[in-house]
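Descriptive analysis of the structure
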Amino acid sequence: MNLDMGGGVLSPAEEQVLARAVDAAPSVLNTRPWRLHVDGDVVDLHADPARRLEVMDPRGREQTISCGAALMNLRLAAAHLGREPVVESFPDPEDPTLLARVRLDREHRPTREEERLYAAIPTRHTDRRPFREERLPAQTVALLEDAASAEGGILRILIREELPAMLQVARAAQERYRADPALRAELARWVGGTRGREYGIPAFELGPRSGDPLAPVRDFDPSGGIPRGEADFEREPNLALLSTFYDEPADWLRAGQAMQRVLLLATDLGLSTSLLTHPLELADLRQWVRDPSLITGHPQVILRLGYPR
């Protein structure tokens, strides 16, 4: 855990509750690219420059989204502890790594929704296996869209007619990774092997391959060197596009919080989830991933949702 404890108001047990919640947040390639500094009743969330992916994420967009997910978990953990989290984003212009300062303010009675989402933190996980061929109910879709909206994001489940184009872009991104030595090398540093779950993605977490180049999953082993089985994935996946109106660091942080609220709610509703990040990691492909319902909007995350087999 990247936790620097300055001592003060929070007890060691409470600090560990916050740290465990943050540590359970999803992050690009499981880099966990954040650091926490606790001083009294103030928690600073920093981006860790040493854990930014220089080739895939030169602007730090995905790192900031990952830190936004961690911030969402931090807020929920604070509420669970009975403290109201008051967040100030980017509080120090002289320190761009300081993404958020969270003051644990007056006593707070957590809402039922906060407790439900907090309870989902340890059980939420990325599922890279096939899902059932089943569309999401309209009520579930509305709840997920509202969850994103509550954090300033715009979530929309793609309709069937939009799926082929999105899967083609994902396929193009996969082929680009397969052909680019620098991208493959950065992936190899974080993926595969017998590493534990603390950082990176161990081989046993990769899930099966698909023989279909349009399958709705990312192959984190484009060189094909990691032995894995094959499986048939859903042909009409439930893909959701999470967008923001602007594309600045504050929007990335907002997108991360919206993403995590959606993922936690999905977990609470019995859904499995995974992410398709690679089409958005390549600037020329990202421009093709747009929400046609928005006059102006910037895609930040592609989510895959469904019911586990």
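Coordinates for the structure precede this section.
The rules behind the values
One numbering rule holds for all chains: residues counted from 1, following each sequence as written. Side-chain atom pairs in this predicted model are given and counted only at pLDDT of 80 or more, local residue features only at pLDDT of at least 70, and totals for whole chains, interfaces and linings cover all residues. Note: side-chain values were computed over all heavy atoms of the structure, leaving out hydrogens and water. Under the DSSP-based scheme used, a helix requires at least four consecutive residues in state H or I and a strand at least two consecutive residues in state E, with every element numbered from the N terminus. Partly exposed residues are those whose accessible area sits between 20% and 50% of the maximum for their type, while under 20% is buried and over 50% is exposed, using a 1.4 Å probe and protein chains only. As used here, the term nonpolar core means buried Ala, Val, Leu, Ile, Met, Phe, Trp, Tyr and Cys residues forming a set that is joined through side-chain atoms within 4.5 Å. Residue contacts follow a heavy-atom distance rule, with two residues in contact if any of their heavy atoms lie within 4.5 Å. N or O atoms within 3.5 Å of each other form a polar contact, as long as, within protein, one can give a hydrogen and the other can take it, and as long as residues adjacent in sequence are counted only when both atoms are side-chain atoms. Throughout, an axis means a line fitted to C-alpha atoms (over the contacting stretch in the case of helices), and angles, computed between N-to-C directions, take values from 0 to 180 degrees. Should an angle fall under 35 degrees it is called roughly parallel, over 145 degrees roughly antiparallel, and 65 to 115 degrees roughly perpendicular, with every other angle called oblique. Take the far helix as the reference: if the near one is turned anticlockwise from it by less than a right angle, the crossing is left-handed, and if turned clockwise, right-handed. Note that Gly is not counted as nonpolar here; it falls among the polar residues with everything else outside the nonpolar set of Ala, Val, Leu, Ile, Met, Phe, Trp, Tyr, Cys and Pro and the charged set of Asp, Glu, Lys and Arg.

Here the focus is unusual backbone geometry. One non-glycine residue, N30, lies in positive phi territory at about 55°. Within the element layout of this structure, N30 appears in the loop between α1 (12-23) and β2 (34-39). By relative accessible area, N30 is classed as buried at 14%. Despite not being glycine, R32 shows a phi value in the positive range, around 45°. Summarising the element assignment, R32 is placed in the loop between α1 and β2.

Turning our attention to the nonpolar core. Counting 54 residues, the largest nonpolar core has L144, L303 and L305 as the members making the most contacts within it. With near-sequence residues (within four places) excluded, L303 lies in contact with L155, N238, L239, A240, L242, M259, V262, L263, S274 and L275.

Take the side chain of R261 next. By the element assignment, R261 lies in helix α7 (residues 249-268). A distance of 3.2 Å separates a polar atom in the side chain of R261 from a polar atom in the side chain of E113. Engagement of the side chain of R261 in a polar contact is seen with the side chain of E151, the distance being 2.9 Å. The contact partners of R261, leaving out residues within four places of it in the chain, are M72, R75, E113, L117, A147, A150 and E151.

Right, let's talk about the packing of helix α2 (residues 61-80) against α7 for a bit. In the contact formed by α2 and α7, the axes pass within 7 Å of each other and the chain directions differ by 55°. Of the possible angle classes, the one that applies to α2 and α7 is oblique. Seen along the crossing, α2 lies across α7 with a hand that is right-handed. For the pair α2 and α7, contact is made by R61, T64, I65, C67, G68, A69, L71, M72, N73, R75 and L76 and by P249, W252, L253, A255, G256, Q257, M259, Q260, R261 and L264, respectively. A per-class count over the contact of α2 with α7 returns twelve nonpolar, six polar and three charged.

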